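The lines below spell out each chain.
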Amino acid sequence: MAEQNVNSRLEAFCDGVFAIALTLLIIDVKIPSTASINSTADFWLALGRLAPSIFAFLLSFVVILITWVNHHATLELVNKSSAAFIYANGLFLLPVVFIPFPTSLLGEYIFTDHAAPAVVFYDFTLAVQAVGWILLTRAAFRGQLFRNERTASIMRENSKFGYFAFAVYSLCAIIAFWFPLIIAIITTLIWIFWLIWGISVKREQEIAS
C-alpha cells in the first residue's frame, strides 16, 4: 500500500531533531561545580546566579517551539517532495541544532561587559534560521509541491515572513555590537509577539473550521 504522506519520514526525522535540540538547551543550566556552597543562603545565591541561563533557556525554548509548530504547519501545505526540498529541510535544521551553543553563551555573558559577542552570535543564528525558511519555501515553489492554490498562497506569505525575519535579525546582530542588552530585550519581545500571534491565529483557524 502506497504511503499517503510522502513526507512522513522527513517530518519524523525533523521532529526528532527538534526534540533533541530542546533537550540540549537545559544541559548548561546548572550550578558550576566550582561554586562554594557552605550554607542554605549560599545555595539560594547560587540559584539566583542561574537567572541569566534560565532566561536564555526559556527564550530558546520558545524559539524552537515556534519553529517546530511552523515547520509542522508548512509540511501540511505540501503533498509531494523533491531532492531540493529534502536538502532544504536539512539546511533548515542546521541553526535549530546549533542554537543551544549561542544560548549557552547568552546565559553566561548577557549581564557582563562581554555581552556583545553572545548577543551578536545569537541573532546571527536566528538570521541563518530565516535563510533556512526562505530556502525551504523556494524549494517548495520550485518543485510545485503544494496541495492546491490556497496552500501555495499560504506558503507565499510564509516566504515573506522569512525575508522579513532575515532582515530584522541581521539588523539586530549588527546593532548588538554596540547595544547588546537592548537587542536581547528586543529579540525576546519579538518572539513573545510571535508566540501570542501564533496562538491567536491557531484559535481563529479552529473557530473557522
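This text follows the structure it describes.
### Structural notes on the overall build of the protein chain
Step number 1: When its secondary structure is counted, the protein chain shows eight helices and zero strands.
Step number 2: Starting at the N terminus, the α and β elements of the protein chain follow one another as α-α-α-α-α-α-α-α.
Step number 3: Here the protein chain, with 209 residues, has 38% of them falling under the buried criterion.
Step number 4: In the protein chain, of all internal contacts separated by at least 6 residues, the share reaching a separation of at least 24 is 77%.
Step number 5: When the accessible surface of the protein chain is summed, it comes to about 12300 Å², and 69% of that surface belongs to carbon and sulfur atoms.
Step number 6: Counting 12 positive and 13 negative side-chain charges, the protein chain places the averaged centre of each group 10 Å from the other.

### Details of the side chain of Thr74
Step number 1: Among the secondary structure elements, Thr74 is positioned in helix α3 (residues 51–75).
Step number 2: When neighbours within four sequence positions are excluded, Thr74 is seen to be in contact with Trp133, Leu136, Met155 and Asn158.

### Structural notes on the pattern of salt bridges
Pairs may arise between side chains of opposite charge once their charged atoms sit close together.
Step number 1: Applying the stated criterion across every chain yields a total of one salt bridge.
Step number 2: Put simply, Lys160 and Glu157 hold a salt bridge, and the shortest N to O gap is 3.5 Å. Taken together, the residues span about one helical turn, with Lys160 and Glu157 both in helix α7 (residues 149–175) at a distance of three residues.
Step number 3: Judged by relative accessible area, which is 38%, Glu157 ranks as partly exposed.

### Notes on a nonpolar patch on the surface
Step number 1: A surface patch of nonpolar side chains, about 760 Å² in accessible area, is lined by Phe111, Leu181, Ile185, Leu189, Ile192, Leu195, Ile196 and Ile199.
Step number 2: In this structure, Ile192 sits in helix α8 (residues 180–208).

Rules behind the numbers
Residues numbered from 1 in each chain as written. Predicted model: local features only at pLDDT ≥ 70, side-chain atom pairs only at ≥ 80, totals over all residues. Heavy atoms only, no water. Helix = DSSP H or I, 4+ residues; strand = E, 2+ residues; numbered from the N terminus. Buried < 20%, exposed > 50% of the residue type's maximum accessible area, 1.4 Å probe, protein only. Contact = heavy atoms within 4.5 Å. Areas by Shrake-Rupley, 256 points an atom, 1.4 Å probe, with all protein chains shown as cover. Lys, Arg positive; Asp, Glu negative; His and termini not counted. Charge placed at Lys NZ, Arg CZ, Asp CG, Glu CD. Salt bridge = Lys/Arg side-chain N within 4 Å of Asp/Glu carboxyl O. Patch = residues over 30% accessible without salt bridge, like charges linked within 9 Å, V, L, I, M, F, W, Y side chains within 5 Å.

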